[in-house]
Each structure stands twice: as structure tokens, then as C-alpha cells.
Amino acid sequence: MSEINTLAFVKMFLHLAKYPELAVNGVLLSTRTDSTKDEVDSASYLNFVDCIPLFHGVLSLSPMLEIALSQIDAYCSTRNLTIAGYYHANENFSDTNPNLTAARIMEKVRENNPNAALIMIDNTLVDLDDGSRFYNVFLWNDKAWKNTNDSHIVGDESRLCALSLLKRNQHRQLVDFDNHLDSISNDWRNPHIQNELQSIPF
Amino acid sequence: MQSAVEKLRKYRDENYRSHDEIIEIWTHVLSNRNLSSLGDEKWLILEQIFKSALHCSKQSIARQCFEQLEKKFKKTSRRVTTLNGMYFESIGEFERAEEIYSLLLEDNETDAIVRKRQISLLKEQNQIREAISQLNSYLELYQADQEAWSELCDLYLSEHDYTKAAFCAEELLLINPHNHLNHERYASIRYSQGDYEKARTYYFSTLKINPTNVRALYGIILTSTNLALKTLGTNSKIQNSNENNQSLNEQMQWAREQIMQKYIETTPDLLPIIESAIQSLTL
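The name recorded for chain B in an unreviewed UniProt entry is ER membrane protein complex subunit 2, from Rotaria socialis. Listed in UniProt under the heading Sequence similarities (unreviewed entry), the comment for chain B reads: "Belongs to the EMC2 family." In its Function (unreviewed entry) section, the UniProt entry covering chain B states "Part of the endoplasmic reticulum membrane protein complex (EMC) that enables the energy-independent insertion into endoplasmic reticulum membranes of newly synthesized membrane proteins."

Per an unreviewed UniProt entry, chain A goes by the name MPN domain-containing protein and belongs to Rotaria socialis.

**Topic: the overall build of chain B**
For chain B, the count of helices and strands is 15 helices and 0 strands. The globule rule puts the C-alpha radius of gyration for 283 residues at 19 Å, and the 25 Å found for chain B is more than 25% above it. Its C-alpha atoms give chain B principal-axis dimensions of about 80 × 45 × 30 Å. Within the span of chain B, comprising 283 residues, buried residues form 46% of the whole.

**Some words on the nonpolar core**
Membership of the largest hydrophobic core comes to 59 residues, with the highest contact counts inside it found for L29 and I72 of chain A together with Y218 of chain B. Excluding anything up to four places from it in sequence, Y218 of chain B contacts M64, I67, Q71 and L181 of chain A together with I259, Y263, I274 and I278 of chain B.

**What to know about the pattern of salt bridges**
Pairing is possible between side chains that carry opposite charge, provided their charged atoms lie close to one another. Taken as a whole, this structure holds 23 salt bridges over all chains when the rule is applied. Linking E196 of chain A and R168 of chain A is a salt bridge whose minimum nitrogen-to-oxygen distance equals 2.7 Å. One end of the pair, E196 of chain A, is in helix α6 (residues 191-198); the other, R168 of chain A, is in the loop between α4 (156-167) and α5 (177-182), and 28 residues separate them in sequence. Classification of R168 of chain A by relative accessible area gives partly exposed; the value is 36%. The salt bridge involving D111 of chain B is made with R78 of chain B; its shortest N-O contact spans 2.9 Å. Of this pair, D111 of chain B sits in the loop between α6 (94-107) and α7 (112-124) while R78 of chain B sits in helix α5 (residues 78-90), placing them 33 residues apart in sequence. For R78 of chain B, a relative accessible area of 24% puts it in the partly exposed group. If you follow the salt bridges from partner to partner, you end up with E91 of chain A together with K123 and E151 of chain B in one network.

**Quick notes on the confidence of the model for chain B**
Per-residue confidence for chain B gives a mean pLDDT of 92, with 97% of residues at or over 70. Scored as a whole, the predicted complex attains pTM 0.93, and scored at its interfaces, ipTM 0.92.

**Here we look at the pairing of strand β4 (residues 81-89) of chain A**
All names here are of chain A. Counting buried residues in β4 gives 9 out of 9 residues, a clear majority hidden from the surface. Direction of pairing for strand β2 (residues 24-31) relative to β4: antiparallel, over a ladder of 8 bridges. Bridge pairing in β4 places G26 opposite Y87. As paired elements, β4 and strand β5 (residues 117-121) share 4 bridges and run parallel to each other. Bridge pairing in β5 links G85 to A117. For the crossover that starts at β4, traverses helix α3 (residues 100-112) and ends in the parallel β5, the hand is right-handed.

**Remarks on a negative patch on the surface**
All names here are of chain B. Taken together, the side chains of E93, E95, E98 and E99 present a region of like negative charge at the surface. Inspection of the secondary structure puts E98 in helix α6. Take E98: its relative accessible area is 30%, and that puts it in the partly exposed class.

**A word on helix α15 (residues 271-282) of chain B**
Residue and element names in this part refer to chain B. Here α15 contains 12 residues, and its C-alpha end-to-end distance of 16 Å stays within 8% of the 16 Å for a straight helix at 1.5 Å per residue. Three or more residues of α15 are buried, namely L271, I273, I274, A277 and I278. On an axial view of α15, the arc spanned by its buried residues comes to 155 degrees, and they lie on one face. Opposite its buried face, α15 presents the exposed residues P272 and Q279, each directed more than 90 degrees away.

Calculation rules
Residues numbered from 1 in each chain as written. Chains lettered and ligands numbered in written order. Predicted model: local features only at pLDDT ≥ 70, side-chain atom pairs only at ≥ 80, totals over all residues. Heavy atoms only, no water. UniProt positions renumbered as here; feature names shortened; annotations may be inferred. Helix = DSSP H or I, 4+ residues; strand = E, 2+ residues; numbered from the N terminus. Rg over C-alpha atoms; globule rule 2.2 N^0.38 Å. Buried < 20%, exposed > 50% of the residue type's maximum accessible area, 1.4 Å probe, protein only. Core = buried A, V, L, I, M, F, W, Y, C linked by side-chain atoms within 4.5 Å. Contact = heavy atoms within 4.5 Å. Salt bridge = Lys/Arg side-chain N within 4 Å of Asp/Glu carboxyl O. pLDDT = per-residue confidence, 0-100. Pairing = 2+ DSSP bridges. Right-handed = clockwise from strand over helix to strand, strands pointing away. Patch = residues over 30% accessible without salt bridge, like charges linked within 9 Å, V, L, I, M, F, W, Y side chains within 5 Å. Areas by Shrake-Rupley, 256 points an atom, 1.4 Å probe, with all protein chains shown as cover. Lys, Arg positive; Asp, Glu negative; His and termini not counted. Charge placed at Lys NZ, Arg CZ, Asp CG, Glu CD. Expected span 1.5 Å × (residues − 1). Arc of directions from axis to C-beta.

As C-alpha cells, then:
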């Protein structure tokens, strides 16, 4: 079972809107649950509360991924969060399959969190015309990725907030890790997006 | 209107990809105006709006611009015909687009732009291997085409073929050795392959050209750490390796200080996270 809050949903959406012609990826953070039991519990609950957009364009170079993950880990420790999901949008419009890059990064993410989910973006649904779902949620179960869309919850207001921020051109303000490395005054935590969300009346 | 025209000019010259903004400018400012006062620039603008409209799936705007271009330059214009091909690409009619491009190439097989559009067609249909093969053939003829080498590099990277990607990156280095981005890209590809020595060399050469390249500074930290770990694994009683490790350590500290300084100057509240992160990497 998994749930995503408006902040995480909107940041992921804005990342896609900023680079419509490129492959993009990023991670989703969830609150750290008490992990005294080590078993991989496929019925565990993932609550995505934040999103850190990573890269756009070329996603398969490892050095900057290592840097990004180390910083995000450090950020997570200060907030009792953990990397619980990885989202990936392919460059090709109609390709929704996880490629080698997605598989490799998921391996790494699952080393630290075996319950982590793989979120593959469906580019054809990103216009949010038909509803809120623009991605497929996969959990690793029985040596395969199982589609768990049916047990994934998205709040109604997420879609409205996403479209509202898009209209205000907030996608141009979104910072991913690549932007940060280009100029470190760009803050990959995107506090300004959170502020924008709070200024929406509903 | 003048500022809109200037903005569009800037976007054309500097290859900006803000297609949604360009369409906004068109819809709100320029589409109702008479552009004849701009002279020849009118046609450049129409072409630019056409391409951005395709990017934004605004086919009707694209069609409007196209009709004006076709009227002016007639169906015999290769440039206009190529645009027509791009239109069919954008609506997914790949066969029609391919027909147009093949015909253009029959007429003039040296047309590099059309050849590259054919390769884009392959990419759009997710025929990456074919695209790589065609692009290789293209580059045998047009060896100095940086855009093509860069595209081939990206295609190889998407297949995780780091060796061939490195070869493309090397070609780019040869063509333009003064671009710090070329050095950094090459270093990162070598790092991804596990060749930390080479990666380090080129992160340093990046910094020689541009001392503020943050990726290169981080690259020094990563490569120095990995190289130090490697020598720890081997016989560490050798005098050389101790000296080596010391200089690796010094350089890593230097890079670390450079990075810290930058964060202090620009985003100090990220500093604790950065410090903690670097520490976890270098342990």
C-alpha cells in the first residue's frame, strides 16, 4: 500500500513539466518507520511526503548520482525520512518500461530500503486530463516488479495544485540536482515550491 | 512587440529550449501583429514558432506558421519541405515523414540536416540500435559535427555502453579541447566505467579550464577516495603507495575546502548536509 502527498506529487509533476523532451528521474522520500523488523514486508505502508528531483537528459552517469544520494541521505537523517521511491520518465513518449538505468538505480535504492517502490512515469498521462494518475507504482515481490496502482492513494487536491502551479509557471522555478550542480545557489530542496503550495487557498 | 522580438532573437541565437514561453509570446504578443516591418526576421520567427509549436503539441499554430512560410518560399524550398517532414514526425506519421526525407535525400544526398532528421525518426520509434548504426555512418562523413557526436554519446550512454560513449566524448575533446564541459563529461564517463585514474585526470583538467566547475570538484573527492581505497586493498607497505595516498588525501581535502567555500558563499544553510554527505563518502 502506498500514498503520496501533494508536495511530493507536485514536485514530481513540475520536474516533468520543466523538461518535457528529456528523460528525468528523482527520488521520493517517506517518513522513516520503526525498522526493528528486518523482513521485507510487502504489505508495508509507504507514505511519500517529499520528492527530490535528480537529473534530466543523461541519467546513466554514476558520479553525480553518488553525490546526490549522499546528500539526500544526510538530509533524510535530519528529518527522520528515508528514500522510499524512485521515479523515472523515459525520453521516448510511449515507452513506460524501466530500462537498464532505472533497474540499476533501483538496485542501489533497495540496498538501503528493500521496500522501496519504482515509479515509472507514463508520459501519455502527464497532461492530467483524465485524472491524477500519471505514473505506475511497482513493488518488488517474488522476484518481479508488481504493479500496485490499485493500492496507491493520491489526494484529490494534488492534481489541482499541480495544474495551478503549472499555470503559474512554477515548473520553470523547480530545481533538480543537475540545476544545483550547475549553480549551487539553486536549492534542490525546493523550499520555494513548498511556499507556493501554502499560498494556494484550498 | 520589440522586446518580444528581441527575446525570440536571443532564444534563437543561444538555442534556448523554452518552447512553452515562446508559444506564450506568440499567442499573447505577436500572432495578431503585422510582422512585415521585421523584414527577413519575420521568416526566422515563423520558423522558430513552428518548431516550438510542434514541441508543445500546438499543431494548429504550427500549421498557421507553415502556411505563411510555404506561401513565401514555395514548395520547392528544401528548408520548408524539411519543416513539413517535422510536422508529420510530431503527429506520429513516421512513414509520411520518412517519404519526405527520402525524396529530399534523393535530390541531394549530402543534406546533413535531413539525414539527422531520419536518425531522429528512428529514435522516436525507439529503434535505438538502428539510430546508433545510422549515426555512426553519418559521422564517418561528417567527422566534425559536434552535435552528432554528442547525440551518439548520449545514445551509447542510454545503453550503458560506456566504452563507446567514451570514444565519442574523446572525439568531442579533440574537436574542442577548451570546453570544460567536454572534459567533465569524459571524466564522468570514465568514472562510471570504474577507471578512477583517468576520471581524476580529466576532472583536474576540467578545473584547470574552469576552477568553479562543481561537478569536477566533487569528482576529485570521489576519485581520490576510490583510488585511496584501491591502494589500501593492495600491499600498502610499499613506500610509493603511502606517498600516493598522502597526495590523494591532500587533493581531496583541497577539493573539499573549495566546495565548502562555495557553499559558505552562496547557500550556507545547505552546509551541514554537504559536510555530512562528504564525510559519508570519504569514510
